[in-house]
Amino acid sequence: GAGVSQSPRYKVAKRGQDVALRCDPISGHVSLFWYQQALGQGPEFLTYFQNEAQLDKSGLPSDRFFAERPEGSVSTLKIQRTQQEDSAVYLCASSLAQGIIYNEQFFGPGTRLTVL
Amino acid sequence: SQQGEEDPQALSIQEGENATMNCSYKTSINNLQWYRQNSGRGLVHLILIRSNEREKHSGRLRVTLDTSKKSSSLLITASRAADTASYFCATDTGKLIFGQGTTLQVKP
């Protein structure tokens, strides 16, 4: 596809359930990022991959959050034992080059997670 | 935690008017980027200004950067109804740190 795609677009989970959110970056993009955006707020950085290597996971809010990109393309963000405070839009972005500095990031439409 | 503060939080103008949004930040940066987000959609990159640049233009957009004051502004000239969106500044410190955004409404 022409852009970053994410699935599902909407996810409703009961508190305590595990969820998996998928991101398909633009083909050939080396870098991949996950962000969490609460209602009315700007996106907050969660984690960064360069190819299959997770170089920065400092933004993951707890050990219930886990991200992987095993083959350096598609990425999955997994949230275990979801809590109500996990309700947010989860955005994925990719960029062509290595590193973050000076590189434009292309964002997907996001997955809106609602935890009941 | 978010680095930047954006001002105003909300702005409502008539079509054809100019819109100015401001962003302040706290730490040293490599560059500063502005993004637009339409309701329910992902972010779209608008413009990037490097830390050694003071002003940059792209179409109807003009961005300024004052590193001594740790602030940036985004000017949209001759606004259109289609410019209605939320606008975010993001500072590049090795990772992108977004502000809380300015919600712009352009009335036709």
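In what follows, the accompanying structure is described.

Calculation criteria
- Residues numbered from 1 in each chain as written.
- Chains lettered and ligands numbered in written order.
- Predicted model: local features only at pLDDT ≥ 70, side-chain atom pairs only at ≥ 80, totals over all residues.
- Heavy atoms only, no water.
- Helix = DSSP H or I, 4+ residues; strand = E, 2+ residues; numbered from the N terminus.
- Buried < 20%, exposed > 50% of the residue type's maximum accessible area, 1.4 Å probe, protein only.
- Contact = heavy atoms within 4.5 Å.
- Buried area = accessible area lost by both parts, 1.4 Å probe.
- Salt bridge = Lys/Arg side-chain N within 4 Å of Asp/Glu carboxyl O.
- Polar contact = N/O pair within 3.5 Å; in protein donor to acceptor, adjacent residues only side chain to side chain.
- Nonpolar A, V, L, I, M, F, W, Y, C, P; charged D, E, K, R; others polar.
- Disulfide = S-S within 2.5 Å.
- Pairing = 2+ DSSP bridges.
- Axes fitted to C-alpha atoms, helices over the stretch in contact; angles between N-to-C directions.

## Let's talk about the environment of Lys 70 of chain B
Residues and elements named next belong to chain B.
No. 1: Assignment of secondary structure puts Lys 70 in the loop between β7 (61-66) and β8 (71-76).
No. 2: Note on Lys 70: relative accessible area 28%, which makes it partly exposed.
No. 3: Along the backbone, Lys 70 and Ser 24 are 46 residues apart, and their C-alpha atoms lie at a distance of 5.7 Å.

## A look at the interface of chain A and chain B
Accessible area lost when the parts come together is the quantity often used to give the size of an interface.
No. 1: If you look at the interface, chain A gives 21 residues, while chain B gives 22 residues.
No. 2: Taken over both partners, the interface formed by chain A and chain B buries close to 1,700 Å², and the fraction arising from carbon and sulfur atoms is 52%.
No. 3: The tally of links from chain A across to chain B stands at zero salt bridges.
No. 4: The interface formed by chain A and chain B contains two residue pairs in polar contact (both at pLDDT 80 or more).
No. 5: Counted by class, the side of chain A that touches chain B contains nine nonpolar, eight polar and four charged residues.

## Section: the state of the cysteines
Residue and element names in this part refer to chain B.
No. 1: In total, this model carries two disulfides over all chains according to the counting rule given.
No. 2: Cys 23 shares a disulfide with Cys 89; S-S distance 2.0 Å. Looking down the S-S bond of the Cys 23 and Cys 89 bridge, the torsion is 65 degrees, so its handedness is right-handed. Taken together, the positions of Cys 23 in strand β3 (residues 19-24) and Cys 89 in strand β9 (residues 85-92) put the pair 66 residues apart, joining distant regions of the chain. Of the two residues, Cys 23 and Cys 89, both sit in the buried class.

## What about the sheet that holds strand β3 (residues 19-24) of chain A?
All names here are of chain A.
No. 1: Reading across from one edge, β1-β3-β8-β7 is the order of the four strands in this open sheet, with antiparallel pairing throughout. Of all strands in the sheet, those with a lone pairing partner are β1 (5-7) and β7 (65-68), marking the two edges. Averaged over all pairs of adjacent strands, the angle between strand axes in this sheet comes to 15 degrees, irrespective of strand direction.
No. 2: As judged from the three bridges shared by β1 and β3, these two strands associate in the antiparallel manner.

## Things to note about unusual backbone geometry
No. 1: Along the chain, Ser 7 of chain A connects to Pro 8 of chain A via a cis peptide bond; the corresponding omega equals -10 degrees.
No. 2: As for its position among the elements, Pro 8 of chain A is in the loop between β1 and β2 (10-13).
No. 3: Of note, the bond from Asp 7 of chain B into Pro 8 of chain B is cis; its omega dihedral lies within 30 degrees of zero at -5 degrees.
No. 4: For Pro 8 of chain B, the location among the structural elements is in the loop between β1 (5-7) and β2 (10-14).
No. 5: In this structure, Lys 70 of chain B is a non-glycine residue whose phi angle is positive, near 50 degrees.

## Points about the side chain of Thr 47 of chain A
Residue and element names in this part refer to chain A.
No. 1: By the secondary structure assignment, Thr 47 is in strand β5 (residues 44-50).
No. 2: Overall, the relative accessible area of 0% leaves Thr 47 in the buried class.
No. 3: A polar atom in the side chain of Thr 47 sits 2.7 Å from the side chain of Gln 54.
No. 4: Ignoring any residue separated from it by four or fewer positions in sequence, one finds Thr 47 in contact with Leu 32, Phe 33, Trp 34, Gln 54, Asp 56, Lys 57, Leu 60 and Ala 67.

## Focus on the sheet that holds β8 of chain B
Residues and elements named next belong to chain B.
No. 1: As summarised here, the arrangement of the five strands in space is β1-β3-β8-β7-β6, forming an open sheet in which the pairing is antiparallel. The sheet is open, and its two edges are formed by β1 and β6 (55-58), each paired on a single side. On average, adjacent strands in this sheet sit at an angle of 15 degrees to one another, irrespective of strand direction.
No. 2: Pairing of β6 with β7 involves four bridges; the strand directions are antiparallel. The residue bridging His 57 from the neighbouring strand is Arg 62, located in β7.

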